[in-house]
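Notes for the structure review
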There are 2 protein chains.
Amino acid sequence: MSHTHESTITHLTETEIEQRLKQHGYRLTGPRGAVVEAVLGHTRPFTAEQLVAELADGPEAIGRATVYRTLEVLASVDVLTRIVSPDGHPSYLSGAPGHRHHLLCELCGTTVTFTACPMTDLIAELASDTHFEIRDHTLEVFGICPACQQAGRV
Amino acid sequence: MSHTHESTITHLTETEIEQRLKQHGYRLTGPRGAVVEAVLGHTRPFTAEQLVAELADGPEAIGRATVYRTLEVLASVDVLTRIVSPDGHPSYLSGAPGHRHHLLCELCGTTVTFTACPMTDLIAELASDTHFEIRDHTLEVFGICPACQQAGRV
DNA sequence: AGTTTATTGACACCTGGTATCACTAGTGCT
DNA sequence: AGCACTAGTGATACCAGGTGTCAATAAACT
């Protein structure tokens, strides 16, 4: 059996998310609902601009600023995780952050979330060697998923 | 004794760097020399825009595009490493990449390079669990260095 | 010296994201 | 239900960081 503890992303429903927003003192508005719905429509990582585009077409025509603000809110409420790829482009994943890392397919975006973090020992060691107070780390893994390998998209 | 194998960054001289550029088929131009010199002046991480600003003042007035292009060239020739912080802002470190990771002070930029990478086992495990072909990973550590802690800048 | 080709830099442009601010609409109160 | 209060909205302008274009320039090779 594996030690990676792959985790299925806990899939929240729209109402659960809206509950959570309320609990944190956020209002439940039309535009916000539309953003939540759009976010739930994605199982793969998406960028803020993608969402802006989708929602600009939609019936409600949500503004750019609102989309960005809502993404921030959703991330702060643990409905979304924001990750940054090595080339510096941020994208969002639905699912709570917490201590989690991701394995992403560079071609199709398929994402596997895992909770095993090999950093604990290293961090302790670095801290005792350097006397840094360690606060954060990045760790994301990139590769090609089996489907893309088979499809010869490599 | 530590297992982190902290490494001093191999400091190349200007001529060594220019040798290396030549070996890779790049020409040795005035502006390029100026960028190299400016890069060597930094022991801490710096951004492309910082360098642009520095060099705009200088006697030679190097253009923005040239600075960006040269940084790319220097990174491709292993004179610089480009790292991206969790907030998505890229910066450059002088020193070859290779398999290296960094511990950066969030306040003053002091950087410790280490070669111990705890990823090897995890990668093998992830690969066998998911059948991804793993190609890349990010791993950078952030914290507060002892000097900044003492200075109470925390 | 002359030719070739990489390199330069001014400039316009682009993308992703943020600040402003008058307006709108949830929410709680009565 | 009506009202007041404040969070939230979105148009717009703006910003930073970075890229594409292209005529002019300068290495390098003969």
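Above this text you will find the structure in question.
Residues numbered from 1 in each chain as written. Chains lettered and ligands numbered in written order. Predicted model: local features only at pLDDT ≥ 70, side-chain atom pairs only at ≥ 80, totals over all residues. Heavy atoms only, no water.

Thoughts on the relation of the copies chain A and chain B
Filter applied, for reference: Only residues with pLDDT of at least 70 in both copies count here: their C-alpha atoms drive the least-squares fit that superposes the copies. Residue contacts are counted whenever heavy atoms from the two residues lie within 4.5 Å of one another.
With an RMSD of 0.2 Å, the fit of chain A onto chain B corresponds to turning through 179 degrees and sliding 0.1 Å along the axis. Expressed as a symmetry operation, the mapping of one chain copy onto the other fits a two-fold axis. Taken together, the interface assignments show that 100% of the residues at the interface of chain A recur at the interface of chain B, consistent with an identical surface on both copies.

Let's talk about the pattern of salt bridges
How we decide: The term salt bridge refers to a side-chain nitrogen of Lys or Arg lying within 4 Å of a carboxyl oxygen of Asp or Glu. Only protein chains enter the area calculation, which uses a 1.4 Å probe; residues under 20% of their type maximum are buried, those over 50% are exposed, and those in between are partly exposed. Think of it this way: any DSSP run of H or I at least four residues long counts as a helix, any run of E at least two long counts as a strand, and we number them from the N terminus.
Scanning all chains against the criterion turns up 4 salt bridges over all chains. Of the charged contacts, one joins glutamate 133 of chain A and arginine 135 of chain A as a salt bridge, the two residues approaching to 3.2 Å between their closest N and O atoms. Overall, the relative accessible area of 33% leaves glutamate 133 of chain A in the partly exposed class. On the basis of relative accessible area, arginine 135 of chain A is assigned to the partly exposed category, the value being 42%. Residue glutamate 49 of chain B is joined to arginine 64 of chain B by a salt bridge in which the shortest nitrogen-to-oxygen separation is 2.8 Å. In this pair, glutamate 49 of chain B sits in helix H3 (residues 48-57) while arginine 64 of chain B sits in helix H4 (residues 64-76), placing the two residues 15 residues apart along the sequence. A residue is classified by how much of its surface remains accessible, and glutamate 49 of chain B, at 34% relative accessible area, is partly exposed.

As for the interface of chain A and chain B
Under the convention used in this document: The term buried area denotes the loss of accessible surface (1.4 Å probe radius) that occurs when two parts are joined, taken as the sum for both partners. Polar contacts, as used here, are pairs of N or O atoms within 3.5 Å; protein pairs need one atom able to donate a hydrogen and one able to accept it. Residues neighboring in sequence count only if both atoms are side-chain atoms. For this classification, the nonpolar set comprises Ala, Val, Leu, Ile, Met, Phe, Trp, Tyr, Cys and Pro, the charged set comprises Asp, Glu, Lys and Arg, and every other residue, Gly included, is treated as polar. Strands qualify as paired when DSSP identifies two bridges or more between them.
Contact residues are listed per partner, giving 43 residues for chain A and 43 residues for chain B. Between chain A and chain B lies a buried interface of about 3600 Å² when both sides are counted; carbon and sulfur atoms form 65% of it. Considering only the side of chain A, the residues that lose the most area to chain B are Phe132, Arg135 and Thr138 of chain A, jointly responsible for 17% of the buried surface there. Counting the contacts that link chain A with chain B gives 0 salt bridges. Across the chain A-chain B interface, the total number found is 5 residue pairs in polar contact (both at pLDDT 80 or more). Going through the elements one at a time, strand E2 (80-84), strand E4 (101-105), strand E5 (111-114), helix H5 (119-130), strand E6 (133-144) and helix H6 (146-150) of chain A are the ones with two or more residues in the side of chain A that touches chain B. Top contributing element to the side of chain A that touches chain B by residue count: E6 of chain A, with 12 residues. Broken down by class, the residue content of the side of chain A that touches chain B amounts to 21 nonpolar, 12 polar and 10 charged. Judged from the 11 bridges that link them, E6 of chain A and strand E6 (residues 133-144) of chain B form a sheet pairing that is antiparallel. Among the inter-strand pairings, glutamate 140 of chain A is bridged to a residue of E6 of chain B, identified as threonine 138 of chain B.

Here we look at the protein's contact with DNA strand D
The condition is simple: For this description, a residue counts as near a given molecule or strand if any of its non-hydrogen atoms is within 4 Å of it.
Lining the immediate surroundings of DNA strand D are 17 residues, of which Thr29, Arg32, Thr66 and Arg69 of chain A together with Tyr68 of chain B lie closest. Sugar and phosphate atoms constitute 62% of the interface atoms of DNA strand D, taking the interface as everything within 4 Å of the protein. Between a base nitrogen of DNA strand D and a side-chain N or O atom of arginine 69 of chain A, the distance comes to 2.6 Å. At the level of elements, helix H2 (30-40) and helix H4 (64-76) of chain A together with H3 and H4 of chain B are the ones that each hand at least two residues to the surface near DNA strand D. In terms of residue class, the surface near DNA strand D is made up of 8 nonpolar, 3 polar and 6 charged.

Comments concerning the protein's contact with DNA strand C
Taken together, the neighbourhood of DNA strand C is formed by 18 residues, with Tyr68 of chain A together with Thr29, Arg32, Thr66 and Arg69 of chain B sitting nearest. For DNA strand C, the fraction of protein-proximal atoms (within 4 Å) that sit in sugar or phosphate groups is 61%. The side chain of arginine 64 of chain A places a nitrogen or oxygen atom 3.2 Å from a base nitrogen of DNA strand C. Taking threonine 66 of chain B, its side chain carries an N or O atom lying 2.9 Å from a phosphate oxygen of DNA strand C. Every element with two or more residues in the surface near DNA strand C is listed here: helix H3 (48-57) and H4 of chain A together with helix H2 (30-40) and H4 of chain B. Ranked by residue count, the leading element in the surface near DNA strand C is H4 of chain B, at 3 residues. For the surface near DNA strand C, the class distribution of residues is 9 nonpolar, 3 polar and 6 charged.

Here's the deal with the nonpolar core
Put simply, the rule is: What we call a nonpolar core is a set of buried Ala, Val, Leu, Ile, Met, Phe, Trp, Tyr and Cys residues that are connected through their side-chain atoms within 4.5 Å.
Ranked by internal contacts, the top residues of the largest apolar core, which has 29 residues, are Leu103, Phe114, Met119 and Val141 of chain A together with Leu103, Phe114 and Val141 of chain B. Listed by contribution, the elements that provide at least two residues to this core are E4, E5, H5 and E6 of chain A together with strand E4 (101-105), strand E5 (111-114), helix H5 (119-130) and E6 of chain B. For leucine 103 of chain A, the contacting residues outside a window of four places in its chain are Thr110, Thr111, Val112, Phe114, Val141 and Phe142 of chain A together with Leu126, Thr130, Phe132 and Ile134 of chain B.

Some details on the pairing of E6 of chain A
Both faces of the sheet carry side chains from a regular strand, because those side chains alternate between them. Judged from the 4 bridges that link them, E4 of chain A and E6 of chain A form a sheet pairing that is parallel. Paired with leucine 103 of chain A across the bridge in E6 of chain A is valine 141 of chain A.

A word on the packing of helix H1 (residues 14-23) of chain A against H2 of chain A
Residue and element names in this part refer to chain A. We apply this condition: Geometry is summarised by axes, namely lines fitted to C-alpha atoms with helices restricted to the contacting stretch, and by angles between N-to-C directions that run from 0 to 180 degrees. Angular relationships are summarised with four words: roughly parallel below 35 degrees, roughly antiparallel beyond 145, roughly perpendicular across 65 to 115, and oblique for the angles in between. Helix crossings are classified by the rotation of the near helix relative to the far one: an anticlockwise turn of less than a right angle makes the crossing left-handed, while a clockwise turn makes it right-handed.
Packing of H1 against H2 leaves a shortest axis separation of 10 Å and a crossing angle of 130 degrees. Taken together, the axes of H1 and H2 lie oblique to each other. Seen along the crossing, H1 lies across H2 with a hand that is right-handed. On H2, the residues that touch Glu14, Ile17, Glu18 and Leu21 of H1 are Arg32, Gly33, Val36, Glu37 and Leu40.

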